[in-house]
Amino acid sequence: MINRPDPDELLDRVMREEDRQARGRLKIFFGASAGVGKTYSMLAAAQTLHEQGVDVVAGIVETHGRADTEAMLQGLERLPLRTYEYRGRALSEFDLDAALERQPYLILVDELAHSNIPDSRHAKRWQDIEELLHAGINVYTTVNVQHLESLNDVVGQITGIRVQETIPDHVIDDADEVTLVDLPPDELLLRLKEGKVYLPQQAEKASRNFFRKGNLLALREIALRRTADRVDADMRAYRADRSIAQLWQTKERIVVGIGTSADEDKLVRAAARLAAKLQADWLAVFVDAPSWPRATLARRERMLKTLKLAQSLGAETASITGDDVAQALVQFARSRNAGKLVIGQSRRRNWFKRLRTSLTERIALLGEEIDVYAVAREDKEEPAGPRDPLQGEFSTGSQRRRQGYLWASISCAVTTALAWWLIGFLHPANVIMVYLVGVMIVAVRYGRSASALASVLSVLAFDFFFVEPRFSISVSDAQYLVTLLVMLAASLFISTLASRLRHQANVAMLRETRSGNLYMLGKELAAVLTLEQILEIGRRHLGAVFGAKTAFLLPDSSEHVRVAIPNEHDPHTLDEVDLGVAQWVYDNGQPAGSGTATLPAAEALYLPLNATMRTRGVLAFISDDNNAAGRNTQLALPENRQMLEIFASQIAMAVERLHYAEVAQDALLTMESERLRNSLLSAISHDLRTPLTSLVGSADALASHPSLGPDERAMAQVISEQSQRMSGLVENMLDMARLQSGGVTLNRQWNAIEEVVGTALRLLQKTLGERKVEVHLPVDLPLVRFDAVLLERVFANLIENAVKYSPGNQPILIEAHAVPGYPGTLDIDVIDHGPGFPPGMEERVFEKFTRGDSESSTPGVGLGLAICRAIVEAHGGTIRALPNDAQRPGAHVRFTLPLEKTPALPEED
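We now turn to the structure provided with this report. Treat the numbers as computed from the prediction; the structure is a model and nothing was measured.

Another aspect to go through is the overall build of the protein chain. Looking only at helices and strands, the protein chain features 27 helices and 25 strands. In the protein chain, buried positions account for 43% of the 909 residues.

Moving on, we come to the sheet that holds strand 24 (residues 878-882). Spatial ordering of the open sheet is given by 20-22-23-25-24, a layout of 5 strands whose pairing is mixed. Both outer strands of the open sheet, strand 20 (773-776) and strand 24, are each paired with one neighbouring strand and no more. Here the strands of the sheet are splayed against their neighbours by 15° on average, with no regard to which way each runs. Two strands pair when backbone bridges link them, and strand 23 (residues 825-831) and strand 25 (residues 892-898) are joined in this way by 7 bridges, in the antiparallel orientation. Within the sheet, the bridge partner assigned to V830 lies in strand 25 and is V893. Across the sheet, helix 26 (residues 788-805) touches strand 22 (812-819), strand 23 and strand 25, and the angle it forms with strand 25 is around 170°. Helix-sheet contacts for helix 27 (residues 864-874) involve strand 24 and strand 25, and the interaxial angle to strand 24 is about 140°.

One finds I753, L791, V794, F795, L798, I828 and F895 to be the most contacted residues of the largest nonpolar core, which totals 42 residues. Listed by contribution, the elements that provide at least two residues to this core are helix 24 (753-763), strand 21 (784-786), helix 26, strand 22, strand 23, helix 27, strand 24 and strand 25. Residue contacts for I753: discarding those within four places in its chain leaves L777, L781, F786, L791, F795, L826 and I828. In this structure, F30, V57, L100 and L133 belong to the second largest nonpolar core, which totals 34 residues.

To continue, consider the packing of helix 24 against helix 26. The description of two packed helices rests on the angle between their axes and on the distance between the axes. Remark: helix 24 packs on helix 26, axes separated minimally by 9 Å, with the N-to-C direction vectors making an angle of 55°. Viewed along their axes, helix 24 and helix 26 adopt a mutual orientation that is oblique. Like other packed secondary-structure pairs, helix 24 and helix 26 cross with a definite hand, here right-handed. Between helix 24 and helix 26, the residues in contact are I753, V756, V757, T759, A760, L761 and L763 and A788, L791, E792, F795, A796 and I799, respectively.

Over its 18 residues, helix 26 runs 26 Å from end to end, which matches the ideal 26 Å to within 8%, given 1.5 Å per residue. Regarding helix 26, the residues found buried are L790, L791, E792, V794, F795, A796, N797, L798, I799, A802 and V803. By the N-cap criterion, in which a side-chain oxygen at the helix start approaches the backbone nitrogen of a residue two or three places on, helix 26 is capped by D787, the distance to V789 being 3.1 Å.

Read across the open sheet, the 5 strands follow the order 15-14-18-17-16; overall the sheet is antiparallel. Whereas interior strands pair on both sides, the edge strands pair on one side only; in this sheet they are strand 15 (561-563) and strand 16 (592-593). In this structure, strand 16 lies alongside strand 17 (residues 605-610), joined through 2 bridges in antiparallel fashion. By the bridge assignment for strand 17, G593 is matched with L605. Set on the sheet, helix 20 (residues 531-546) makes contact with strand 14 (548-555) and strand 18 (615-623); between it and strand 14 the angle comes to about 150°. Against the sheet, helix 21 (residues 579-588) engages strand 14, strand 15, strand 16, strand 17 and strand 18, with an angle of about 135° to strand 18.

A few words now on helix 20. The end-to-end C-alpha separation of helix 20 is 22 Å, in line with the 22 Å expected for 16 residues at 1.5 Å each. Every buried residue of helix 20 is listed here: I534, L535, I537, G538, R539, H541, L542, G543 and F546.

Our focus in this paragraph is the pattern of salt bridges. Opposite charge on two side chains permits them to pair, given that their charged atoms come into close proximity. Counted by the stated rule, this structure contains 28 salt bridges. Its salt-bridge partner being R362, residue D324 comes within 2.9 Å of it at the nearest N-O pair. A residue pair is termed long-range when its members are at least 10 positions apart, and D324 in the loop between strand 11 (316-321) and helix 13 (325-335) and R362 in helix 15 (residues 359-366) qualify at 38 residues. For R362, a relative accessible area of 24% gives the class partly exposed. Several salt bridges converge on common partners, so that one network encompasses R82, D97, R121 and E131.

The subject of this paragraph is the environment of F552. Tracing the backbone shows F552 in strand 14. With 69 residues separating them in the primary sequence, F552 and F621 have C-alpha atoms 9.0 Å apart. When sequence neighbours within four positions are dropped, the list of residues in contact with F552 reads L535, G538, R539, L542, R562, V563, A564, L609, V618, L619 and I651.

This part takes up the environment of D575. Mapping D575 onto the fold places it in the loop between strand 15 and helix 21. With relative accessibility at 70%, the residue D575 sits in the exposed group. Taking the C-alpha atoms as reference points, D575 and T550, 25 residues apart in sequence, are found 8.5 Å from one another.

Summed over all chains, the structure comprises 6 aromatic pairs. When the centroid spacing of 5.0 Å and the interplanar angle of 80° are considered together, the rings of F464 and F465 count as edge-to-face. For F464, a relative accessible area of 28% gives the class partly exposed. For F465, a relative accessible area of 26% corresponds to the partly exposed category. Measuring from ring centre to ring centre gives 5.5 Å for F795 and F895, while their planes differ by 70°; the resulting arrangement is edge-to-face. One end of the pair, F795, is in helix 26; the other, F895, is in strand 25, and 100 residues separate them in sequence.

The next subject is the side chain of T166. With respect to the helices and strands, T166 occurs in the loop between helix 6 (152-159) and helix 7 (169-174). The class for T166 is buried, based on a relative accessible area of 14%. A distance of 2.6 Å separates the side chain of T166 from the side chain of E149, its partner in a polar contact. Not counting residues within four places of it along the chain, the set of residues in contact with T166 comprises K124, W126, H147, E149 and N152.

Once that is clear, we can look at the side chain of T415. Structurally, the position occupied by T415 is in helix 16 (residues 398-422). Assessed through its relative accessible area of 9%, T415 is described here as buried. Setting aside chain neighbours within four positions, we find T415 in contact with V434, Y435 and G438.

Close contact between helix 17 (residues 428-446) and helix 18 (residues 448-466) brings their axes to 8 Å; oriented N to C, the two are set at 160°. Between helix 17 and helix 18, the crossing angle belongs to the class labelled roughly antiparallel. Handedness of the crossing formed by helix 17 with helix 18: right-handed. Residues P428, V431, I432, Y435, V439, V442, A443 and Y446 of helix 17 form the contact with helix 18, whose participating residues are R448, A450, S451, A454, S455, S458, A461, F462 and F466. Residue composition of the contact of helix 17 with helix 18, by class: 13 nonpolar, 3 polar and 1 charged.

Another aspect to go through is unusual backbone geometry. Despite not being glycine, E559 has its phi angle at roughly 65°, a positive value. You can see E559 is positioned in the loop between strand 14 and strand 15.

Conventions and cut-offs
Residues numbered from 1 in each chain as written. Predicted model: local features only at pLDDT ≥ 70, side-chain atom pairs only at ≥ 80, totals over all residues. Heavy atoms only, no water. Helix = DSSP H or I, 4+ residues; strand = E, 2+ residues; numbered from the N terminus. Buried < 20%, exposed > 50% of the residue type's maximum accessible area, 1.4 Å probe, protein only. Pairing = 2+ DSSP bridges. Axes fitted to C-alpha atoms, helices over the stretch in contact; angles between N-to-C directions. Contact = heavy atoms within 4.5 Å. Core = buried A, V, L, I, M, F, W, Y, C linked by side-chain atoms within 4.5 Å. Parallel < 35°, antiparallel > 145°, perpendicular 65-115°, else oblique. Left-handed = near helix turned anticlockwise from the far one by under 90°. Expected span 1.5 Å × (residues − 1). Polar contact = N/O pair within 3.5 Å; in protein donor to acceptor, adjacent residues only side chain to side chain. Salt bridge = Lys/Arg side-chain N within 4 Å of Asp/Glu carboxyl O. Phe/Tyr/Trp six-rings, centres within 6.5 Å; stacked < 30°, edge-to-face > 60°. Nonpolar A, V, L, I, M, F, W, Y, C, P; charged D, E, K, R; others polar.

Take a look at the structure:
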């Protein structure tokens, strides 16, 4: 037998090959952890190509101070890095534009999972590499296993450290080549101890946390398994591209064929035990074919439960269609490169089944290279069941078969009566056609069993009434014996073919109906603009398709679900909803209620509205055809349940889309209002500063005039003080406007923190008056790079706040200490003994025009702390308000500044 490739597959293969030729090739050096030698191996491979005359450029290579890795860069052209200014710091990044302009044959781009600085063209380095590949440039890169998105949480649970920089799994899957760089844990720990991975102080900390031997063993196993999966996928793709049907049993894989019998769970458990014994992957598959036993509702429910059982035991599940079960199973096993096939074998076989080739034998004939395992089972009598859409009528087991047999007999009698009338006008050979029409009608209406009976009865009736000698089963002419045999064969063939066509037509009609319903729902949801429209469309479609009553429950601000926008005039609105069940569904993201294993006593079925980012609500559903037990018979069919879940997913996505549209609109309005407010602040501040300066000068001159009496002098002094306060507010607004617009350039110099504190205290001498300020600064504090003028403003605002909101007889504390680490930080605390920040306001007080106590009579507009945050963050630091402490009451503000390596002082002569 010649296996001809599918023309569509050939065309798809040619198109993929054209795309692959136009695109650069990506090779990833994959490792279990840092220090295994990924970068070194990448450079070694690059040096080999460079020696062969290949144009190789090092785009960015992170050596981390390792001398041997740095030496591997010798002789390679290095692309200059691009310098970005970010928060007052100069950062070097990979220059994508320079790489595209240079157009080398191969470029080295280290650390695939790296995050680019904000405002870069791409947020992630793997996106830079995608652009290089689209430009036809080949790329070598490196990545560790913990950076894969699908394994991030698994690695985090093992190591206790969750990395933030991840890449989508498709980057690894789409790579042209993945090379595993492996190193035993003992050798890696030795390299760590020798300082070949991190600097000594970092290596000691790493060995106590991430680089424990148990962690390294687990990461190594995960990396090996992920690489093996990648190799297995490459092998299966290779077989598919070259239409290789023969199995390559490189990895144990088992396929179990699921039927609809009552004891299929026994088959699944046997397959799970076999897979565990062989340490093999296994798949459970159901074949929907006309040759399969008639799938009553009970059978289809059992099939769905069996597939769920297999999935819970670790199997991958699938449902496929085919005209022949044996052929479909063999093709599926070959497509998944499975060398073992497990099926159920009935212990009881009637005389008709004994005449036919068993499923096990047919699989063995079709797939000679596949090992077939047969698990004994017993066929039990099928109880009556409700309507199955794939059968077109009521699927009631033996009752339906008896009904089919009855109509087959009636059809044969009617056909015989018609033929008796036509025999006077037609040749007996033409009368046979009338019987074939009757057989075909029975096959289309009642399936194969009834049509087979109609075939046999038609042959006997034709022989009895129309073949000499008449009214006898005997045949006088041997030619008629051949005619009868051909008639029987043709009848059976036509009945089988008509039954299959009927089944396929029912399947096609059902799928067309589902596709049409989903299309209409998606089309209407795509055009809605309000939440009310989404819910109304959802209720209408669910009611029309399922004949059901529904209710939508959406969360409020406290994450408690409430019935959303009930419509009393809509006949599809569900009136009574169990909020407790709905809340459980929302919190857990799992279905509950009628027909599930969770809270099954509930009258309705509750489905979570799961969208991409989170659960958006709950759908309560109850069908109009609930039986006496309150069970949704509509949803007993797996196809209907799957369709309902798709409906819920579509509605959830529409709700999420609308939510993010509203968020984007709010953000746009906020940005626009912020821009207008900053422009207004800047304009007002500039217009006010000049008259305020004149007012302060005039008031001071008036207060010092010798001709004024004591009362007039005091009034002039009040005018001067209030004018100075107003001038300070204007300066704050101007500073805020400049910081928000990015118009402030940091003049970062090396400074001692105590000098800035002293300058700020001198500037506030008049504000402090007799107030005591205690400064506790260690003598060994390192120098810090910052803008001294702006940091003076930070201290001035924090101290001025402390003066406003704390008792005059209590001191203000200023403390600082260096926090070691890489990189280290300098923590500065400003503490008063006032009432402190109101609970819950620790974060909001740093927003513009926000005050800790809105009802306070203390003057101010709420800009001081906002300016502090803007200045500190511009320096790459953080600022926060700490919660009130019983041992140290009052407001406690801490801001941090990053520490850098202190420059060497010049040597004295």
